[in-house]
Structures are given as structure tokens and as C-alpha cells.
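Commentary on secondary and tertiary structure
Here's the letter readout for the chains.
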Amino acid sequence: MVRRMLIAFLFLLVSQAYARASDTLLFRGQSSAWVNLNPNNKLPLWLGGRYIPQANYQIELTGRKLIDFEASANIRGSIGAHLFDTISTDAGLKPYRVWARFSGRQFEVRLGLQKINFGSASMLRPLMWFDQLDPRDPLQLTDGVWALLGRYYFLNNANIWLWALYGNKGTKTWEIGKTIHHFPELGGRFQSPVPKGEAAFSYHFRKADVTGFGLTPPSYSITPEHRFALDGKWDIGIGLWFESVWIHKSKPAGLISNQEILNLGLDYTFALGNGLNVVFEHLWITLDEKAFALNDVSSFSGLSLSYPLGLNNFISAIFYHDWTQNTQYNFMNWRRQFSRFSMYFMAYWNPLIYRMPQQDDTGQFFSGKGLQIMIVFNH
């Protein structure tokens, strides 16, 4: 109910603003169509399309202050087939972004359905708290969260974030147990310059329902959860960064009482031809009844390579290795850029059981071996 009222309110503001000053209202959109061939899938052939219409309106105020609005929707449909046997269809329509923002030279306050993301890692991200961005996704899509976000930027490039989330259902990346959606989630982040880089501390609080995880007394099904993070990034000729997270449930919850996640990464662009960019990250994950016991550690490595063939052609590859299961994930992409069109030719070779963090039903399409072709049009 709260979200419906907010959507209606924001659309009303946009429509009223359009009635007063139509030259300041901008419409844009992104259309995409794809075909996926995967002989390992129950339905080897999938065709799909997506349209994301977006409206933006802004009101300039005195003192370099601004009020602006954004509203967009995610409209999708797909059809899967096993030729001469089975056909399955799927479709959906939901809001993608719906927010209002008040901002000035050193601050902003944003309310509504929005994307919140931070941190330096790009492939294996402990700080993927509120998004599900996949570096292999050409569209870089992620569901938003319903939140109030405030940010203030100091003159020395330090900044502070404060947020409150409410009414978000389901489980976000790295979360164990559903969030009690009628209880607000609260948190913040402080980021500061350090010699040759920057470092930050982040915190988040929520109430988690861990029913169904086989807990026994004196464990609790609903428990407060505290999330602490330290991260930093430095440029010393090569880029270096780390992200570390400790997720602690303050009531006994057995082996899921504590999660520790650490990422170490680096990147460098080699002076080969047009410039070969290499990114490497390693991730450690552990679940422990006692904090930092490190009794059962899982680890992943990620390697990203990207190379521009020219002004309009780019090739890239991303490889993941799951050291615990000794499995390899392989992805290659060739992108051809036109003025408004982009074409993507993708190939992948992954395990049949897909264990990587993912957006929506990615594993359903990208387990096993396959090819995907995608056309994207922005207007």
C-alpha cells in the first residue's frame, strides 16, 4: 500500500510538472531483444524482449538547488521452446525506478524505488548489499530497493551516506533469511580520502526471519542482524582494493550466526595494442557459529579481460573459478556499437549447477554451454 501511494504521488508530480513546463520533461527508453541457445536447458531455445521506458523531470531552484524525479518500468516477455515438443511463456511488468530527489552542491536526499550500490569490487562483491549487478550482463540491470537515502559530500572529497529501507520483500544478495519487511532497515556509510586512495566504513541493520534453517532451541527464528564493512581502494600504478564484511545475528542462530566475506582485487591496463585491461579478484566466504572461527571457508577467483578492437568493436571475457567445488565459469562477449544500437554476441560454458550470485533467474539460462545474441536500442 505504501509503495502504491508513493508511485501514484510521484507520477502525479511528474504529470503536474509536465502541464506547467513540458520543455523540461525528458522521455527516454531502452529496448532489447535476445535469443539464447542452450542444449543443456530443458527448453534449449529461448527468445525474449524487454522495454524500459523512463521519464525524468527537474525543477531548478535558487542557490544551485534542484528537485528532480525519475519514473521507469521494466516490461519483459520471453518464450522458451523444445522444438516440436514443449513451449513455455513468461512475462512481467513492474516498476523499475520511481524516486524523487532534492539536491544541492554538497548534498542530496532521494526517496523511492532506487539503486543503492557502493564499493570498489566489480566481479565478486561483498558490498553487494542492495543490488544484484552482474558484470556479464550487457544491460547492467538490477532491481531497486524502496528507501530514503541521504548523502553529504565534504570539500575534502569525504562523504557520508545514511539510508532507511522499508517494505522490501525477498532476500537480497548475501542475505540468509528473509527481511521482516514491515520493520525498517537502517544503515550508513562514511568514506574518506587516504594517501593515494580512499577508505570507508559501512553499517546496516535489519531483522531477519531464519525460519526453515533447521535451528533448535535456544536458537531464534527472528533475530536482529548487524552488518559491518571496511573497504578501501588505492592507485599505486596498479589499482588495489579490498572489501570485507562481517554479518552478525545477535541471537543464537547456529552456523548462520556469523558470515565473514573478504575480497582482494587488482587491475591494470597493459600497453598492448589498444590497451588490454586485466582485473583479478579473489573472494573468501565463511559461515560460523562463533565469529571469525573460519572453520569452513569457501573461495572464488574472478578474472576479467577487456580489449577495444577499435572505436566500435570491443571484446571481453570473464572467468570464475570455484575452488571449493573445483568448477569453472567461462563467459566471452563481442560488442559492436552503432550510433543508437548495440549488438552483443555472447558465449558461455558453465557448470550445470549454477552457484554464482545472480540476478533474477540467470542460472536457469546460463548453466551449461550456450550462445546468446542480444540487440539493444536506446532512444
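Now for a quick tour of the structure. (Residues numbered from 1 in each chain as written. Predicted model: local features only at pLDDT ≥ 70, side-chain atom pairs only at ≥ 80, totals over all residues. Heavy atoms only, no water.)

Once that is clear, we can look at the pattern of salt bridges. Enumeration according to the criterion identifies 15 salt bridges in this entry. For Asp-68, the salt bridge goes to Arg-101, with nearest N and O atoms at 2.6 Å. Here Asp-68 is found in strand β3 (residues 65-82), whereas its partner Arg-101 is found in strand β4 (residues 86-103), with 33 residues between them in sequence. In this structure, the salt-bridge partner of Arg-151 is Glu-108, at a minimum N-O distance of 2.7 Å. With Arg-151 in strand β6 (residues 145-153) and Glu-108 in strand β5 (residues 107-114), this residue pair connects regions lying 43 residues apart in the sequence. Here Arg-151 falls in the buried class, since its relative accessible area comes to 15%. The exposure class assigned to Glu-108 is buried, which follows from its relative accessible area of 9%. (Salt bridge = Lys/Arg side-chain N within 4 Å of Asp/Glu carboxyl O. Helix = DSSP H or I, 4+ residues; strand = E, 2+ residues; numbered from the N terminus. Buried < 20%, exposed > 50% of the residue type's maximum accessible area, 1.4 Å probe, protein only.)

Turning next to a nonpolar patch on the surface. A cluster of nonpolar side chains, Leu-61, Phe-102, Val-109, Leu-111 and Leu-148, forms an exposed patch at the surface whose accessible area comes to about 380 Å². Looking at the element boundaries, Phe-102 is found in strand β4. (Patch = residues over 30% accessible without salt bridge, like charges linked within 9 Å, V, L, I, M, F, W, Y side chains within 5 Å. Areas by Shrake-Rupley, 256 points an atom, 1.4 Å probe, with all protein chains shown as cover.)

Here the focus is the side chain of Asn-36. On the secondary structure map, Asn-36 appears in strand β1 (residues 25-37). Judged by its relative accessible area of 0%, Asn-36 is buried. Engagement of the side chain of Asn-36 in a polar contact is seen with the side chain of Gln-372, the distance being 3.1 Å. Discounting chain neighbours no more than four positions away, the residues touching Asn-36 are Pro-44, Leu-45, Trp-46, Tyr-348, Phe-365, Phe-366, Leu-371 and Gln-372. (Polar contact = N/O pair within 3.5 Å; in protein donor to acceptor, adjacent residues only side chain to side chain. Contact = heavy atoms within 4.5 Å.)

Formed by 45 residues in total, the largest nonpolar core has its most connected members in Ile-116, Phe-118, Trp-129, Phe-130 and Trp-163. With sequence-adjacent residues up to four places away left out, Phe-118 is seen in contact with Arg-125, Leu-127, Trp-129, Phe-130, Trp-161, Trp-163, Arg-189 and Ser-202. Membership of the second largest hydrophobic core comes to five residues, among which are Ile-176, Ala-208, Val-210 and Ile-256. (Core = buried A, V, L, I, M, F, W, Y, C linked by side-chain atoms within 4.5 Å.)

Examined bridge by bridge, strand β12 (residues 239-249) and strand β13 (residues 258-270) share 10 bridges and lie antiparallel to one another. Paired with Ser-244 across the two strands is Leu-262, which belongs to β13. In this structure, β13 lies alongside strand β14 (residues 276-288), joined through 13 bridges in antiparallel fashion. Directly across from Thr-269, in β14, lies its bridge partner Asn-277. What sits between β13 and β14 in their antiparallel hairpin is a turn of five residues, with Gly-273 showing a positive phi close to 60°. (Pairing = 2+ DSSP bridges.)

We describe a pair of aromatic rings using the distance from one ring centre to the other and the angle between the two ring planes. Enumeration according to the criterion identifies 17 aromatic pairs in this entry. A centroid spacing of 5.1 Å and a plane angle of 45° characterise the contact between Trp-246 and Phe-292, whose relative ring orientation is tilted. Residue Trp-246 is found in strand β12, and its partner Phe-292 is found in the loop between β14 and β15 (297-308); the two are separated by 46 residues along the sequence. The exposure class of Trp-246 is partly exposed, given its relative accessible area of 24%. The rings of Phe-118, Trp-129, Phe-130, Trp-161 and Trp-163 are connected pair by pair, giving a single aromatic cluster. Between the NZ or CZ atom of Lys-207 and the centre of the ring of Phe-183, over which it lies, the distance is 4.5 Å. Above the plane of the ring of Phe-314 lies Arg-335, whose end atom (NZ or CZ) is 4.2 Å from the centre. (Phe/Tyr/Trp six-rings, centres within 6.5 Å; stacked < 30°, edge-to-face > 60°. Lys NZ or Arg CZ within 6 Å of the ring centre and 35° of its normal.)

By the secondary structure assignment, Ala-91 is in strand β4. Assessed through its relative accessible area of 59%, Ala-91 is described here as exposed. Measuring from C-alpha to C-alpha, the distance between Ala-91 and Ile-79 comes to 8.7 Å, with 12 residues separating the pair along the chain. Residues contacting Ala-91, with those up to four places away along its chain left out, are Arg-76 and Gly-77.

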